[in-house]
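Observations on chain architecture
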Amino acid sequence: MPPAVDTTQLSEALTQLERAQAWPPGLLDELRDLISSATDEALFQINPVSYATARGRAPELGIALFLHAARAGLMQIDWSLRCCGCGELVSNRGGLAQLDSDFYCDSCARSSAANLDENVEVAFTVAPSVRPLRFHAPDSLSLEDYFYRFRFSRDIVIRGLDKPLVAFLREQALILAWLEPDAELVFELDIPEQGWVVGHPRTMITTIGAPTRERRELTLDYHDRAFHPRPELAPGPVRLTLRNKTAERVRVLKYFTPIVTYFDYLPHLSGRRLLNNPEFRRCLGTEVVRPGTGIPVKDCTLLFTDLRGSTAMYDLIGDNAAFELVTESFEVMAQIVTRCGGVVVKTMGDAIMASFNHPADGVRAGLQIILNEHGELQPKVGLHRGPCIVVNQNDMVDYFGQTVNVAARVQGEAAGNELCLTEAVWDDVREDQAVAASLAEFGELQRELRALKGVSEPVPLYRVRVR
Ligand SMILES: [Zn+2]
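Each chain has its residues counted from 1, following the order in which its sequence is written. Local features in this predicted model are restricted to residues of pLDDT 70 or higher, and side-chain atom pairs are both shown and tallied only at a pLDDT of 80 or more, whereas totals for entire chains, interfaces and linings draw on every residue. Neither water nor hydrogens contribute to the side-chain values; these are computed over all heavy atoms in the structure.

In this description a helix means any DSSP run of H or I spanning at least four residues, a strand means any run of E spanning at least two, and both kinds are numbered starting from the N terminus. On a plain count of helices and strands, the protein comes out with 14 helices and 26 strands. Seen through its C-alpha atoms, the protein measures out along the principal axes to roughly 90 × 60 × 40 Å. Only protein chains enter the accessibility calculation, which uses a 1.4 Å probe. A residue is then buried if its area is under 20% of the maximum for its type, exposed if over 50%, and partly exposed in between. Across the 467 residues that make up the protein, the buried fraction comes to 53%. Contacts were defined at the residue level, with two residues in contact if any of their heavy atoms lie within 4.5 Å. Considering only contacts in the protein between residues 6 or more positions apart, those separated by 24 or more positions represent 71%. As presented, the protein carries roughly 21,100 Å² of accessible surface, and 50% of it is formed by carbon and sulfur atoms. Averaging the positions of the 48 positive and the 62 negative side-chain charges in the protein gives two centres separated by 3 Å. Accessible areas in this description were obtained via Shrake-Rupley with a 1.4 Å probe; residue shielding takes into account the shown protein chains only. For this count, His and the chain ends are skipped, Lys and Arg are scored as positive, and Asp and Glu as negative. Here the site of a charge means NZ on Lys, CZ on Arg, CG on Asp, or CD on Glu.

Put simply, His-200 and Pro-201 share a cis peptide bond, and its omega is -10°. Relative to the assigned elements, Pro-201 resides in the loop between strand S10 (195-200) and strand S11 (204-207). A cis geometry characterises the amide bond from His-228 onward to Pro-229, with omega recorded as -10°. Mapped onto the secondary structure, Pro-229 falls in the loop between strand S13 (226-228) and strand S14 (232-233).

Quick look at the sheet that holds strand S18 (residues 269-270) now. The criterion for strand pairing is that DSSP finds at least two bridges linking the strands in question. Strand order in the open sheet formed by four strands is S2-S1-S5-S18, with antiparallel pairing between adjacent strands. Only two strands of the sheet have a single neighbouring strand rather than two, namely strand S2 (89-91) and S18. Angular values range over 0 to 180 degrees, each being the angle between N-to-C directions of two axes fitted as lines to C-alpha atoms, with helices fitted over their stretch in contact. Contacting strand S1 (75-82), strand S5 (120-126) and S18, helix H4 (residues 59-71) crosses the sheet at an angle of about 115° to S1.

A separate point is empty space enclosed by the protein. Residues are called lining when one of their atoms sits within 4 Å of a cavity or pocket point, these points coming from a 1 Å grid over the protein atoms alone, where a cavity is a set in which a 1.4 Å probe fits but cannot get out and a pocket is an open set with protein on both sides within 12 Å along at least five of seven lines. Grid points are joined across faces, edges and corners, and a volume is the space filled by probe spheres set on the points. With the rule as written, the count across this model stands at one cavity of 30 Å³ or more. Taken as a whole, the largest cavity spans an internal volume of roughly 40 Å³. Lining of the largest cavity is provided by Leu-189, Ile-191, Val-197, Ile-205, Leu-218, Leu-233 and Val-238. Each residue is assigned to one class: nonpolar for Ala, Val, Leu, Ile, Met, Phe, Trp, Tyr, Cys and Pro, charged for Asp, Glu, Lys and Arg, and polar for all the others, Gly among them. Its residues placed into classes, the lining of the largest cavity shows seven nonpolar, no polar and no charged.

Water is absent from the atoms considered, so a metal site may look incomplete; donors are defined as N, O and S atoms within 2.8 Å of the metal, or 3.2 Å for Na, K and Ca. Taken together, Cys-83 (SG), Cys-86 (SG), Cys-105 (SG) and Cys-108 (SG) make up the protein donors of the zinc ion, found 2.2 to 2.3 Å from the metal. Irregular is the default label, applied whenever a site is not tetrahedral (four donors, all angles between 85 and 135 degrees) and neither square planar nor octahedral (four or six donors, opposite donors over 155 degrees apart, all other angles between 65 and 115). Of note is the zinc ion, whose four donor atoms meet at the metal with angles of 97 to 118° in an arrangement that counts as tetrahedral. Considered as a linear motif, the donors of the zinc ion on their single chain read C-x2-C-x18-C-x2-C. We classify Cys-105 as buried; its relative accessible area is 1%. The exposure class assigned to Cys-108 is buried, which follows from its relative accessible area of 13%.

Attention now moves to the UniProt feature "domain: Guanylate cyclase" (unreviewed entry) in the protein. UniProt positions are given in the numbering used here, feature names are shortened, and annotations may be inferred rather than shown by experiment. UniProt records the feature "domain: Guanylate cyclase" (unreviewed entry) for residues 301-411 in the present numbering. When the span residues 301-411 is considered, its composition is 47% helix and 37% strand, and the gap between its end C-alpha atoms is 13 Å.

Structure, rendered in C-alpha cells:
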C-alpha cells in the first residue's frame, strides 16, 4: 500500500520552505522524495546531522533544513530525554516545554537528573497532517516497533562491539511479550553463559558460576514498575514465570547481555547544540522550557559585552542619537555572534549576553567584536564557560547560575576594546591553532588572578587588548 501522503499539504509546506532561504540545489527534492516514498521508520525521529552527512552535506545545513521544515509545518520537533544507562528514550514526543529536569527510567528503575548536553536528543518527525505514520500513535505499535524502533535511541553504538544498540537488543532478546493484568506467562530459557538478563521494565537476573544442565524454576513478579526479586543463578536452562501483579497491561522486553554495555553516540543534535544554534531562535523562538522549570546544561560558553563611553555619549549627543548608535553597534555585534555560530540570549541596556556551543566560537566572536570599529564606543567583552541552568525568562530561553554571574563579572573586568576570558575558556581553546594564532597577534596572554564580587575564589583570567 503506498504511503498516505497529503500531496497538497506537502507542496504548500515545501513552497514555504523554499521561500525561507536559498537552499543548495537538490536539497528540497531529496526531502520531497523521502517524505513521499520512505518507510515510516525513516520518517520518524530523523537525526538531522546524520541525514545531512549521509548525503554529503554539512551538519549545520541539515539542522537548518529541519528547523525551517518544522516552522513550515512539514516536521514536528521532538525533544527526547535519553537515559545514558540503558539507552531508553524515557520521553520522546514533545517540545522543549515538555522536558523535565529529572526523569525516571523504567529499564533502570531509577530517577536521574537530566542535562541538555547528554540526555536530550532532538530529532524531527514528519507531521501527521502531511503523512500519518504508525509512530504517531505509539500506543498501538507492535512490540517489535515499540522496542526496536521507538523506545530506544537509534543513535547509540555499543562500545567494543561496533553494533547499534537496537540491533544488539534484537539479537539478544529472550522475551518480547505483552503481560496482561493479573496474568502470567511461562518461558523456557537457556542462558548459555555468565552475564545478566535485563530489560524493560527493570529486570535483573545475574547468571554466575559453573553452567548446569538442570532446569530451574524461577518466578518474577511485576509491580512498582519493576520485576522482583533480582536473583542470581548459574547459566543453563530456566523455566521462567512472569506474573503481573498490577491492573495495567505491560510490554515486556528481556534480553541477555554477557557484558556491561558502554555506549558511544553517533553525531546528533543535543539539546545544548540546538539552543546555541542561531537558526533555532529564528525558526522556533517560541520553544522554551516551562516557566518555573530549570534544565541544567553542563558546559555552555557565555559572552557578555558592554559599551564604554555610552553614558558620556548620551550626555553629548542626546538620547535619540545615542540610541541610534548603540542600536547600530548591537546589530553589528549580533551579526558577529550569529556568524560565529552563537546566539544572542538577550540585551540589557547597552549590554549583550550571548551563548555558544564551543568556547572557540565565543573567542572568535569576542575578538571580532573588539576589532570592529564602533566609533566613540569601545566594546568591553567577557567570556566564561561552565555549567548553568536553562530557564524561561519572559517566554525566552535564558541562563541562570554562577557561571552566568562570573561571565558578567569578567566582562566588568575588561577595559574598552578589551576581551577578558577566563582560564576555563582559554584552556579549551589554546590547542585550537587558528584561535591561538589570532590571539597571539596581540601579544602573549598573561594569566592574572582577579577577585570578583560575589565569587569566593579568585578567578584566573587573560586579557586581549586590540588598540
Ligand atoms: Zn535507563
